[in-house]
Amino acid sequence: MFWLLKSGRVAVRDKVGFYLSHCLWRGARNPSVFETYSFRWSNLHDKQLPLPVLPAPHVALVPGSSCSPHFSRQPRPSLSAMGGDLTDSKVTENGSPAPVESVPVKGISSDSGQTYSILREGEADILLHGNDVFYNKAQVVNRDISIAVIRAFVSKREQEHQAEVAKKLSRRKGASKTFGAPDSTVENSVSVEAQGDEANDVTESAEVKTITNASEEFVTENTPAKPIRVLEALAASGLRALRYAKEIEGLGSIVATDNDKVAVEACERNIKLNGPVVAAKVEAKHADARVYMLTHEKEFDVVDLDPYGSPSVFLDSAVQTIADGGLLLCTATDMAVLCGNNGEVCYSKYGSYPLRGKYCHEMALRILLACIESHANRYKRYIVPIVSLSIDFYVRVFVRVYTSANTIKATPSKLTHIYQCVGCDSYYFQPVGRITNKTNKNNSARYMPAIGPTILPECSQCKKHFSMGGPMWAAPIHDADWISTILNMATSMKAKYPAFDKLHSILTAVSEEILDVPLYVNLHNMSATLKCTPPSAAIFRSAVANAGYRISGSHANPLGLKTDAPMEVLWDIMRCWVKEHPVKAQATATPGSVILSKEPELQANFTKVNAALSKAQAKGVARFLPNPEEYWGPKPRAGRHITNKHMAALGPHVHQTQSGNVHIRQDQMTSSERRMVGE
């Protein structure tokens, strides 16, 4: 071999490989040797390379900053060597905890000497450097709920897999009976030649049974389900993917993509920081999420979209990359658009026109669901919402995606337009389609356009005109079984959720909602229209229940009330309330005076009914928690220079050094803030 190298009969690229192997071998024995091996590619032709030896394990290669390759021995320090609790801590070159002043983190970053802070959320750690990569502590609730839903999804998929295995085994038993062996009495009565022909028939039957078994993939009762593949399409620091890998059992692989090279490099550093188990599961890729999803059709069981702003540009490719029955998680933070401040922009992005009503946050959820359904229908797919949440400054939906050309025919019956009165804010629905009870000659349901209009040109209550919005999702936005499963599983392991209190309060409020009633009314808004003192929620809810209708609260608004009572009944209840609690005389042209001028057709009964009240409230379970700190909301986009205005939004415990790095002062954080970041 050495003779081949000297004679030049080995390609230059092979010499390079031999030479690097020798460097690794000598460096493993003596780390200082690495410092002497700085070379240029042009010098390889003149070097006589010794016999190579395979490198020793646990040696990490980190490229140098110069143009010519330079390699140094950089072992990755373990998390335990960094001092255990890594919340907002610093790490020195030898892996020991550093003082409050930040220092470069050698062995994890490149040779550029950047300064990093380590932040822990849940069981994952990430490196932060200024505002290079986007991170928002307020989204810890988003990540916690996502983990809770995916845990429930893993459990549901396992149940569905066992049911599918049982179904295949039953089909196999039926096939075995169909292709059974011939009767033995017939075999004894035929000649030798006939027996030979019959043996061929038995062989053919055995082949048929083999083909049947092959189509069932030879499943047994112990056949495991396929590993779940996860895609985080907009990874940023990769914190979400890291938490999925470390905290959710049953996941096979996780791909974290980002179109920002700085973010991908940060994600790769964070993967290494969290150890070999995470490194074996999580893979960071520098790619446009839209292109990557389009080129990986139906490959992922879980797809997470959490963009900075609107997810509309990613939805078309997202519904294609997800496997049948997979879980799509989607966040939208452009609430000003979805809630009606810029209706024309919402229509251009989501294909729906929003209205500025008190129910705007739930309408934002339903617009997003309708948009996802529209994209899915183009590929003969449809969605089934599991959980749909309005939290703080964003909305988050969890839907399963299925394929069925027949089921998508029912989509128009799941959509509706909405008419809202400009005077009293009364609203009415106009469905897009309907399914008739009559059947055609094929004995199947008929899908017809909806009957309309459902209202008169003028409001029957205040005589004002209507504004029209939509279309939006009118079917249920939650699944009661899923909510119960997620809530029970999260409660059983609440220590694993940094924001468990907030998570529990939101899911508790969702669990009490009426599922088949779109939107909600606001009791204070109705009282403001009549200029009267509002009744308590308990009294109003009891009056609705005594009238024979259902009523519940809404997780999207503490003052929201969801009910199947028509608007005429609700205004009659308010008229009866005003009679018992008179108001001052109003101008005749106001909506309130017009409403009060009519006599109520329903005599309200304000006797308290316990069944109409919130069970969680009766038990003292919190449903609407205050924000744990000030400035709990959106943060500046990654890469934007942090100004004094941004520093104020980030909170008083955040300060900026002269070099531009942003650090969190742990000594100025409250106990609740420490819990939120996982201390």
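Residues numbered from 1 in each chain as written. Predicted model: local features only at pLDDT ≥ 70, side-chain atom pairs only at ≥ 80, totals over all residues. Heavy atoms only, no water.

An unreviewed UniProt entry lists the protein under the name tRNA (guanine(26)-N(2))-dimethyltransferase, from Marchantia polymorpha. One UniProt comment on the protein, placed under Catalytic activity (unreviewed entry), says "guanosine(26) in tRNA + 2 S-adenosyl-L-methionine = N(2)-dimethylguanosine(26) in tRNA + 2 S-adenosyl-L-homocysteine + 2 H(+)". You can read under Sequence similarities (unreviewed entry) in the UniProt record for the protein the words "Belongs to the class I-like SAM-binding methyltransferase superfamily. Trm1 family." (UniProt positions renumbered as here; feature names shortened; annotations may be inferred.)

Time to look at the overall build of the protein. A count of helices and strands for the protein gives 22 helices and 19 strands. Looking at the 679 residues of the protein, the share that counts as buried comes to 48%. Here the analysis covers contacts within the protein between residues at least 6 apart in sequence; of these, 68% occur between residues at least 24 apart. Entry remark: accessible area of the protein is about 32800 Å², with carbon and sulfur atoms responsible for 53%. (Helix = DSSP H or I, 4+ residues; strand = E, 2+ residues; numbered from the N terminus. Buried < 20%, exposed > 50% of the residue type's maximum accessible area, 1.4 Å probe, protein only. Contact = heavy atoms within 4.5 Å. Areas by Shrake-Rupley, 256 points an atom, 1.4 Å probe, with all protein chains shown as cover.)

Taken in spatial order, the 3 strands of this open sheet run β11-β10-β14, and their pairing is antiparallel. In this open sheet, the two edge strands, each paired with only one partner strand, are β11 (427-431) and β14 (466-473). Pairwise comparison of adjacent strand axes, ignoring direction, gives a mean angle of 25 degrees for this sheet. Sheet topology note: the strand β10 (residues 415-421)/β14 ladder contains 6 bridges and is antiparallel. Its bridge partner being in β14, Ile418 is matched across the sheet by Gly469. Sitting on the sheet, helix α13 (residues 360-377) is in contact with β10 and β14, with an inclination near 50 degrees to β14. (Pairing = 2+ DSSP bridges. Axes fitted to C-alpha atoms, helices over the stretch in contact; angles between N-to-C directions.)

It is worth spelling out the sheet that holds strand β9 (residues 394-403) at this point. Strand order in the open sheet formed by 7 strands is β5-β4-β3-β6-β7-β9-β8, and the pairing between neighbours is mixed. In the strand order of this sheet, the two ends are held by β5 (282-286) and β8 (381-391), each with one partner. Pairs of neighbouring strands in the sheet enclose a mean axial angle of 15 degrees, with direction left out of account. Of the strand pairs in this sheet, β8 and β9 are connected by 10 bridges, and their pairing is antiparallel. When the sheet's bridge partners are listed, Ser390 is paired in β9 with Val395. Relative to β8, α13 is tilted by about 160 degrees, and along the sheet it contacts β7 (322-332), β8 and β9.

Moving on: the packing of aromatic side chains. Two numbers describe a pair of aromatic rings. These are the distance of the centres and the angle of the planes. Tallied over the full model, the rule gives 8 aromatic pairs. Here Tyr359 and Tyr427 contribute two aromatic rings whose centre-to-centre distance is 5.2 Å and whose plane-to-plane angle is 70 degrees, an arrangement assigned as edge-to-face. In this pair, Tyr359 sits in the loop between α12 (343-350) and α13 while Tyr427 sits in strand β11, placing the two residues 68 residues apart along the sequence. Using a relative accessible area of 3% as the deciding quantity, one classes Tyr359 as buried. One aromatic cluster is present, built from ring pairs that chain together Tyr359, Tyr427 and Phe429. Across from the ring centre of Trp482, 5.4 Å away, lies the NZ or CZ of Lys156, which sits over that ring. (Phe/Tyr/Trp six-rings, centres within 6.5 Å; stacked < 30°, edge-to-face > 60°. Lys NZ or Arg CZ within 6 Å of the ring centre and 35° of its normal.)

According to the stated counting rule, one finds 24 salt bridges in the structure shown. A salt bridge links Asp316 to Arg378, with the shortest nitrogen-to-oxygen separation between them at 3.6 Å. Of the two residues, Asp316 is situated in helix α10 (residues 312-321) and Arg378 in the loop between α13 and β8; the sequence distance between them amounts to 62 residues. The exposure class of Arg378 is exposed, given its relative accessible area of 51%. (Salt bridge = Lys/Arg side-chain N within 4 Å of Asp/Glu carboxyl O.)

This brings us to the side chain of Glu373. With respect to the helices, strands and loops of the structure, Glu373 is situated in helix α13. Put simply, Glu373 is tucked away with no salt bridge, and the nearest opposite charge, on Lys414, sits 4.6 Å away. A polar contact is formed between the side chain of Glu373 and the side chain of Thr411, at a distance of 2.7 Å. Once residues within four sequence positions are removed from consideration, Glu373 is found in contact with Tyr382, Ile383, Thr411 and Trp473. (Lys, Arg positive; Asp, Glu negative; His and termini not counted. Polar contact = N/O pair within 3.5 Å; in protein donor to acceptor, adjacent residues only side chain to side chain.)

Turning to the packing of α10 against α13, a few remarks are in order. For any two helices packed against each other, one specifies the inter-axial angle together with the distance between the axes. Running from N to C, α10 and α13 cross one another at 45 degrees; their axes reach a closest spacing of 9 Å. One way to sum up the angle between α10 and α13 is to call them oblique. In terms of crossing hand, the pair formed by α10 and α13 is right-handed. Every residue of α13 that contacts α10 at Ser312, Leu315, Asp316 and Val319 is listed here: Cys371, Ile372, His375 and Ala376. (Parallel < 35°, antiparallel > 145°, perpendicular 65-115°, else oblique. Left-handed = near helix turned anticlockwise from the far one by under 90°.)

The next subject is the packing of helix α17 (residues 537-546) against helix α18 (residues 567-580). One can describe the packing of α17 onto α18 by two numbers: an axis separation of 11 Å at closest approach and a directional angle of 125 degrees. The angle between α17 and α18 falls in the class oblique. For α17 against α18, the interelement crossing comes out right-handed. Between α17 and α18, the residues in contact are Ile539, Phe540, Ala543 and Val544 and Leu570, Ile573, Met574 and Trp577, respectively.

It is worth spelling out the state of the cysteines at this point. This model, assessed by the stated rule, comprises 0 disulfides. Cys330 takes part in no disulfide bond, and the closest cysteine sulfur to it belongs to Cys371, at a distance of 8.4 Å. Among the residues examined, Cys330 registers a relative accessible area of 0% and is labelled buried. (Disulfide = S-S within 2.5 Å.)

We now examine α12. Those residues of α12 that sit buried are Gly343, Cys346 and Tyr350. Looking straight down α12, one finds its buried side chains confined to an arc of 55 degrees; they lie on one side. Among the structural elements, α10, β7, α11 (335-338) and α13 are those in contact with the buried residues of α12. Looking one or two residues beyond α12, the residue adopting positive phi is Gly351, at roughly 75 degrees. (Arc of directions from axis to C-beta.)

This part covers the side chain of Glu513. Tracing the backbone through its elements, the reader meets Glu513 in the loop between α15 (500-511) and β15 (521-522). It turns out Glu513 is buried and unbridged, and the closest side chain with the opposite charge, Lys562, is 4.7 Å from it. A polar contact is formed between the side chain of Glu513 and the side chain of His555, at a distance of 2.6 Å. Filtering out sequence-adjacent residues up to four positions away, Glu513 remains in contact with His478, Ser552, Gly553, Ser554, His555, Ala556 and Lys562.

Below, the discussion takes up the pairing of strand β16 (residues 551-554). As paired elements, β16 and strand β17 (residues 557-563) share 4 bridges and run antiparallel to each other. Directly across from Ile551, in β17, lies its bridge partner Thr563. What sits between β16 and β17 in their antiparallel hairpin is a turn of 2 residues.

Within soluble globular proteins, side chains that are nonpolar tend to cluster in buried spots. Met293, Leu305, Leu328, Leu338, Ile372 and Phe540 are the most contacted members of the largest nonpolar core, which has 83 residues in total. By size, the runner-up hydrophobic cluster in this structure holds 57 residues, among which are Ala124, Ile126, Leu251 and Val302. (Core = buried A, V, L, I, M, F, W, Y, C linked by side-chain atoms within 4.5 Å.)

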